[in-house]
Every structure is written in C-alpha cells, then in structure tokens.
Amino acid sequence: DVSLLRGSPEAARRAYAILGAVVHSYAYRHLALWGSPESPRDVVVPSSLSSPWLALCDMLDLPPGACAAAGLDLWNWADDAFTTRIASMTATETEVAFHRLAATVHRRSARDLPAILDIVDDLDAGRIHLVVQTLDAIALMLADFRRLFQDVWTSVDPDVFYDLYRPLLSGSTPQTPIRFRLPDGTIRDAVAAGPSAGQSTIFVILDAVLLLEGDDDSGPHAAFQGDMLAYMPPSHRALALTFRRRARASALAKRRSGRVGRALRRARAAYAEFRRFHFLVATRYLRRTATGTGGTDFREMLQDAIARTAAAVKSAARTGVTNAADRDRDGWYRFPRDAPGRDRPDCRAV
C-alpha cells in the first residue's frame, strides 16, 4: 500500500526509482539484447506492479508509463559519490556511469544556481557586477559540464549502452503504448516519454537566461522542452516555469553592449560549444537510430537547439549604444573577464 509513503517523500522517491526500474525492465525487455519473443502488444505489466507504480506516479505528480529522469538520475543512488545504484536494470558499469554523469551535472549546477536565480533581481537593482559575475560563472559551469561529459567516453561502453541499456529506457507511443493490467482485470494503455536530459531543470533555466530573444516557443527543441516540463518533479517544474516567466520579461536579452553584453556573449558562446559537444556524444551512443532515450528524433531536436543557440550568440554580438546602467556604479569592483569566479563578492575597487 503506497499510501503509507505519503508522509515520507524520501521513501516515496526511493520506491519510485525501484519500481520504475522494474517496470521498465519488464515492459521493454523484448527490445533489449537479451531478447524476448513477445511483440509490444503482448507485453502487459501485471497488476502487482501496475497498481503501486501508477499510485506512486499519481502521488509524485509524474506521468504514468515511464520513469522520469529524476527517478533514475537523482533518486536511485545508495551513496553520495554516485557509485552504487539502489536498483539496476543491467548490473553494468555502463548504466552506473550514464546516470552518474547526469547526477554530477546536477550537483555542479547547484553551486551556481542561487546566483542564476537572482540574476533578474540583480539586473533590476542595477547590481551590474553581480550580473556579469553570474554570466561568467555560467560560462565556467558549462565548461565544467563538458569536462564531466569526457568521463562518458571512457566509462560508458557504446555497444552495451545501445544494445542492452538504451532499449530499457524506451518511452511509449500511441502506436505502441505501455500496457498496465489493473486489479479488476482491465487494461490501461499509457503513453509517456522515456527518461531524458531534457527533463533536467537546469537546462530550462539556462535557456531562459541565455536565449530569451530567440525563444519563440517554436521548433523541435522548444516543443520538446515544453513537453518535458511534465516529467520534472513538481517543485522543479514550478521553479523552472516561474523563473522562465520572469526572465522572459526582463531586459537581459536586450543588453548587447557594455559589460553585461560582453558577459552575455561569453556565456552564450560557452552554451553553443556545450551543445555541439553534447550532439557529438549523443550521436556516438545513438549512432544506429534517430530516436533518443526520450523517444524523440534527437538529431533534429539537438540540431535545432544548436541553431537557436548560435542565433543567440550572433544576436548578442550586435553592437549598440552602451546602456548607462552597464557603467561602473560608485567605484564598484569591475569583475575580470578572464576570472569568472565562483563567489559573489561585494567588494570595491582597490
């Protein structure tokens, strides 16, 4: 009876991670390397799994049918070093390393997230030195993301990932829904995307900060990102939506000159480099398919994201009249271009 977990969010999240791994292993086993004779329409998750799984999805306000990235990337660790999974579908180092990458990216982003969330208020209040510092910290964070991704090349075996683990992360489609048997014997069909990096809140927030001008909610990437909001934990979803709304209404994207404009160009350029690198990694591990773990055409979606980022870099490079708010205020410290820094010092020029 999963209702007993309502008073313990941590226990509910752990149960979600464990049951999610079991449900995925059962529902998509016919796609994995170990093989199974069933067709997708023949696979029906038994009620002993369906009932607690669907109840947990409802309790955590997450779509039924597939385990969201939060369950596998964030809630499925037995240790803080991200070396041991609570529940594993394959018992391989490839599975551990794949999710360790996502977990370490989230941990790294947490260092700068408070400053990023303050950037709109800092701009409105004229705290230009903090806006510049935050944008430079974003550029450094994205460079760190690329270094973290390097671990994938040595720790995630392309063949094990593609043939054994990737199929178990599949989502479902209207043509091939995941099928759940309910206690009364009826069948419930569900459609849901598989876990994906697009379900990470930090990238929605970075898009809001860096791509305001070009974000018109059109194109494959914007559509995919909008769909993925439903797969974020409710608190993450609320944070992303609230920040995106505030960031879009801010004047940050219009700062093309002065210190803010230069810092914005640096951050957008770093984002473009990261997205190109991410595309190369995804192409290596999904080389024989156009479909990513989220069930999308990953090439079309990532190429659209790269194009949008490149357009934002070009937009930020346009020159204009320096805004008076970008000038030093009362001798405030001018943050060095070549030292992004990790803190938010409140100091004056020496």
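Since we're looking at a predicted model, the values are computed, not measured. (Residues numbered from 1 in each chain as written. Predicted model: local features only at pLDDT ≥ 70, side-chain atom pairs only at ≥ 80, totals over all residues. Heavy atoms only, no water.)

### Considerations on the pairing of strand E1 (residues 178-181)
Relative to strand E2 (residues 187-190), E1 is paired through 4 bridges, and the arrangement is antiparallel. Of the residues in E2, the one forming a bridge with Arg-179 is Asp-189. (Pairing = 2+ DSSP bridges. Helix = DSSP H or I, 4+ residues; strand = E, 2+ residues; numbered from the N terminus.)

### Quick notes on the packing of aromatic side chains
For the coordinates displayed, the defined rule picks out 10 aromatic pairs. Measuring from centroid to centroid gives 4.9 Å for Phe-98 and Phe-161, while their planes differ by 40°, and the two rings are tilted. Of this pair, Phe-98 sits in helix H4 (residues 93-117) while Phe-161 is found in helix H7 (residues 158-165), placing the two residues 63 residues apart along the sequence. Residue class for Phe-98 comes out partly exposed when judged on its relative accessible area of 25%. When the centroid spacing of 5.8 Å and the interplanar angle of 10° are considered together, the rings of Phe-203 and Phe-274 count as stacked. Residue Phe-203 is located in helix H8 (residues 201-210), and its partner Phe-274 is located in helix H11 (residues 258-285); the two are separated by 71 residues in the primary sequence. (Phe/Tyr/Trp six-rings, centres within 6.5 Å; stacked < 30°, edge-to-face > 60°. Buried < 20%, exposed > 50% of the residue type's maximum accessible area, 1.4 Å probe, protein only.)

### Some words on the confidence of the model for the protein
Mean pLDDT for the protein: 81, with 75% of residues reaching 70 or above. Taken element by element, the predicted model of the protein shows its lowest mean pLDDT in helix H12 (residues 298-316) (58) and its highest in helix H2 (residues 47-59) (96). (pLDDT = per-residue confidence, 0-100.)

### Digging into the nonpolar core
Counting residues in each nonpolar core, the largest one holds 79 residues, and the members touching the most others are Leu-135 and Leu-206. With 11 residues, the top contributor of residues to this core is helix H6 (residues 128-155). For Leu-206, the residues in contact, after removing those within four places along its chain, are Ile-116, Ile-138, Met-141, Leu-142, Phe-145, Leu-211 and Tyr-271. (Core = buried A, V, L, I, M, F, W, Y, C linked by side-chain atoms within 4.5 Å. Contact = heavy atoms within 4.5 Å.)

### Considerations on the pattern of salt bridges
Under the counting rule described, the total for this entry stands at 11 salt bridges. Put simply, Glu-93 and Arg-100 hold a salt bridge, and the shortest N to O gap is 3.1 Å. The class for Glu-93 is partly exposed, based on a relative accessible area of 44%. Put simply, Arg-275 and Asp-207 hold a salt bridge, and the shortest N to O gap is 2.8 Å. Here Asp-207 lies in helix H8 and Arg-275 lies in helix H11, a separation of 68 residues in the sequence. Taking relative accessible area as the criterion, Asp-207 reaches 1% and is therefore assigned buried. (Salt bridge = Lys/Arg side-chain N within 4 Å of Asp/Glu carboxyl O.)

### Quick word on the side chain of Ser-196
Within the fold, Ser-196 resides in the loop between E2 and H8. Given the relative accessible area of 11%, Ser-196 is considered buried. At 3.0 Å, the side chain of Ser-196 forms a polar contact with the backbone nitrogen of Gly-198. (Polar contact = N/O pair within 3.5 Å; in protein donor to acceptor, adjacent residues only side chain to side chain.)

### Examining helix H10 (residues 234-248)
An ideal rise of 1.5 Å per residue puts 21 Å on 15 residues; H10 measures up with 21 Å between its terminal C-alpha atoms. Within H10, burial applies to Arg-237, Ala-240, Phe-243, Arg-244 and Ala-247. Take H10 and look down its axis: the buried residues cluster within an arc of 145°, on one side only. Exposed positions of H10 whose direction lies more than 90 degrees from the buried face are Ser-235 and Arg-245. (Expected span 1.5 Å × (residues − 1). Arc of directions from axis to C-beta.)

### Regarding the environment of Phe-180
Residue position: Phe-180 is located in strand E1. A relative accessible area of 0% places Phe-180 in the buried class. Distance in space between the C-alpha atoms of Phe-180 and Pro-46 is 6.5 Å, their sequence separation being 134 residues. Those residues in contact with Phe-180 that sit more than four places away from it in its chain are Val-23, Val-44, Val-45, Ser-50, Trp-53, Leu-54, Gly-65, Thr-186, Ile-187, Arg-188 and Ala-190.

### Observations concerning H4
With 25 residues, H4 should reach 36 Å at 1.5 Å per residue; the first-to-last C-alpha distance of 35 Å fits that figure. By the largest-angle criterion, Arg-111 marks the main kink of H4, which is about 50°, and a proline, Pro-114, follows within four residues. (Bend = angle between axes of the 7 residues up to and from the residue.)

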